[in-house]
Amino acid sequence: MVEQTKKRFIASDDLKKHNQPGDLWISIQGKVYDVSHWVKSHPGGEAAILNLAGQDVTDAFIAYHPGTAWRHLENLHNGYHVKDHHVSDVSRDYRRLAAEFSKRGLFDKKGHVTLYTLTCVALMLAAVVYGVVACTSLWAHLISAVLLGLLWIQSAYVGHDSGHYNVTSTKPCNKLVQLLSGNCITGISIAWWKWTHNAHHISCNSLDHDPDLQHIPVLAVSNKFFKSMTSRFYGRKLTFDPLARLLISYQHWSFYPIMCVGRINLFVQTLLLLFSRRHVPDRALNIAGILVFWTWFPLLVSFLPNWQERIIFVFISMAVTAIQHVQFCLNHFAADVYTGPPNGNDWFEKQTAGTLDISCRSYMDWFFGGLQFQLEHHLFPRLPRCHLRGVSPVVQELCNKHNLPYRSLSWWEANVWTLRTLRKAAVQARDVTNPVLENLLWEALNTHG
């Protein structure tokens, strides 16, 4: 009779020591996995693992991976088990809820949202082309600009959905949807979105780890940015210099104008990533998709009769997308923030603290892309948006059970909360006793080092 290999155990404090590039260990349900060399192959990017290395990541793993992912873990198991492994009551209830959703097939029942949305995008695009090419009326051109902005918003929601789960029956078709709805139609790379968005979900509202809060020198949601903290995501210092002080001092006034031209920054970030030395999955496909956008969009604009109309058309189309940019800010800017890496042991708690829901009627779900249920989406990112409203009461009940915040605000209230947060930081930025460092203007755009 062959004697079974004895289990080897490691304490949580010792596991924490394996949290540096080249030495990355994680634990899932008490089993330890060495992902030091595999991290570069992680479909969700390196940032997710680097931020959670050296700790238990069970809740995050459940949130982001389908059941089929579990079979790939065994090859990474290094034989160790965490001897002081503990599951909190919150995590236990969260995992039970995720298992219940899986048993009910909610993660697989996607409905026809993607088909309907892409159909609407195609119809709107056809209307835009007709309005620009076949009509000579200024009003027809202005309406076309508004429609273009709206179709960009809806197309972005499809790209977002396809980045979190397969919206089609096969992975190749899903990748095609990603490139079409993201790169080709909106001009924003799906590779850039995955890179930043996955880090945002893992490090929700961490000032130094969440890239969605790092907007120095134009916006700051906390006075902690005034100490020129280092972005652990971008790997550089977010310098609070005189320019940043000036801009942030009036950010509660400049917030909406900035959102109107925020799309330009997304174009810049896309190009900076695609032409950087970073590892970019499907770089060639992403560049090809961007070339498609920068072919059809300028060509469309060129059909307008003069430069005045062309400038107005471009500005209006981009300004309309400010609705979406503002929405994303409302979901997080006024929520709780923290510094440091995320903690795998309080996954549920961090998501509830860092998100705000936007309440609306069910007929407006299409307009918000389901992301008005921001907490539900953060807790269950693989859950198709057609189910988010249905699971909302269950999530709220779980939050109440564990005395955790569940904040659902009207669109107006969320704007008030966000402006209040920005104004508070603006007033603090004007404090002349707070010294700043000199900095180059280049850092206003160069977030990739």
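These remarks concern the structure in this document. Note that the structure is predicted; figures quoted are calculated from it, not measured.

Turning to the side chain of Ser-231, a few remarks are in order. Relative to the elements of secondary structure, Ser-231 occurs in strand β6 (residues 230-231). Within the structure, Ser-231 has its side chain in polar contact with the backbone nitrogen of Phe-233 (distance 3.3 Å). Beyond its immediate stretch of four places on either side in the chain, Ser-231 contacts Asp-208, Gln-214, Arg-236 and Leu-238.

Bringing the packing of aromatic side chains into the picture now. Taken as a whole and judged by the stated rule, the model has 24 aromatic pairs. Between the aromatic rings of Trp-25 and Tyr-80, the centroid separation amounts to 5.6 Å while the plane-to-plane angle is 35°, which identifies the pairing as tilted. Within this pair, whereas Trp-25 is found in strand β3 (residues 23-28), its partner Tyr-80 is found in strand β5 (residues 77-82), the two being separated by 55 residues in sequence. For the ring pair Phe-368 and Trp-411, a centre distance of 5.8 Å and an interplane angle of 45° mean the geometry is tilted. On the criterion of sequence distance, the pair formed by Phe-368 in helix α16 (residues 365-368) and Trp-411 in helix α19 (residues 411-429) is long-range, its members being 43 residues apart. Three or more aromatic residues joined by ring pairs form one cluster here, namely Trp-152, Phe-267, Phe-293, Trp-294, Trp-296 and Phe-297. Seen from the ring of Tyr-80, Arg-8 lies directly overhead, with NZ or CZ sitting 4.4 Å from the centre.

Right, let's get into helix α6 (residues 138-164). Over its 27 residues, α6 runs 40 Å from end to end, which matches the ideal 39 Å to within 8%, given 1.5 Å per residue. For α6, the buried fraction is high: 19 of the 27 residues fall into the buried class. Its side-chain oxygen placed 3.2 Å from the backbone nitrogen of Trp-139, Ser-137 serves as the N-cap of α6.

Under the criterion given, the structure shown has 15 salt bridges. Across the pair Asp-89 and Arg-92 runs a salt bridge, and its minimum N-O distance is 3.1 Å. Of this pair, Asp-89 and Arg-92 both sit in helix α4 (residues 89-103), three residues apart, which is roughly one turn of that helix. Asp-89 gets classed as exposed once you look at its relative accessible area, which sits at 53%. For Arg-92, a relative accessible area of 37% corresponds to the partly exposed category. Here Lys-401 ties to Asp-93 by a salt bridge, and the two come within 2.9 Å at their closest N and O atoms. Here the residue Lys-401 occupies a position in helix α18 (residues 388-401), and Asp-93 occupies one in helix α4, the gap between them amounting to 308 residues. Taking the relative accessible area as the measure of exposure, Asp-93 reaches 9% and is therefore buried.

Most peptide bonds are trans, and most residues other than glycine sit at a negative phi. The omega torsion across Ile-216 and Pro-217 is 15°, close enough to zero to call that bond cis. Assignment of secondary structure puts Pro-217 in the loop between α8 (190-202) and β6. Backbone geometry places Gln-29, a non-glycine residue, at a positive phi of 50°. A positive phi is found at Asn-205, a non-glycine position, where the angle reads about 65°. Tracing the backbone shows Asn-205 in the loop between α8 and β6.

About the cut-offs
- Residue numbers restart at each chain and count upward from 1, following the sequence in its written direction.
- Two thresholds apply to this predicted model, a pLDDT of at least 70 for residue-level local features and 80 or more for giving and counting side-chain atom pairs, whereas whole-chain, interface and lining totals are computed over all residues.
- Excluded from the side-chain calculations are hydrogens and water; all other atoms, namely the structure's heavy atoms, are used.
- Think of it this way: any DSSP run of H or I at least four residues long counts as a helix, any run of E at least two long counts as a strand, and we number them from the N terminus.
- Within 3.5 Å is the distance limit for a polar contact, defined as a pair of N or O atoms, with the added protein rule that one can donate a hydrogen and the other accept it, and that residues adjacent in sequence qualify only through two side-chain atoms.
- In what follows, residue pairs with any heavy atoms lying within 4.5 Å of each other are defined as contacts.
- For this analysis, a ring pair means two rings from Phe, Tyr or Trp (six-membered ring only for Trp) whose centres lie within 6.5 Å, classed as stacked if their planes differ by under 30 degrees, edge-to-face if by over 60, and tilted for the remaining angles.
- The criterion is that NZ of a Lys, or CZ of an Arg, lies within 6 Å of the ring centre and within 35 degrees of the ring normal, and then a charge sits over that ring.
- What a helix should span is 1.5 Å times the count of its residues minus one.
- Buried, partly exposed and exposed residues are distinguished by accessible area as a fraction of the type maximum, computed with a 1.4 Å probe on protein chains only: under 20%, between the cut-offs, and over 50%, respectively.
- When a carboxyl oxygen of Asp or Glu is within 4 Å of a side-chain nitrogen of Lys or Arg, the pair counts as a salt bridge.

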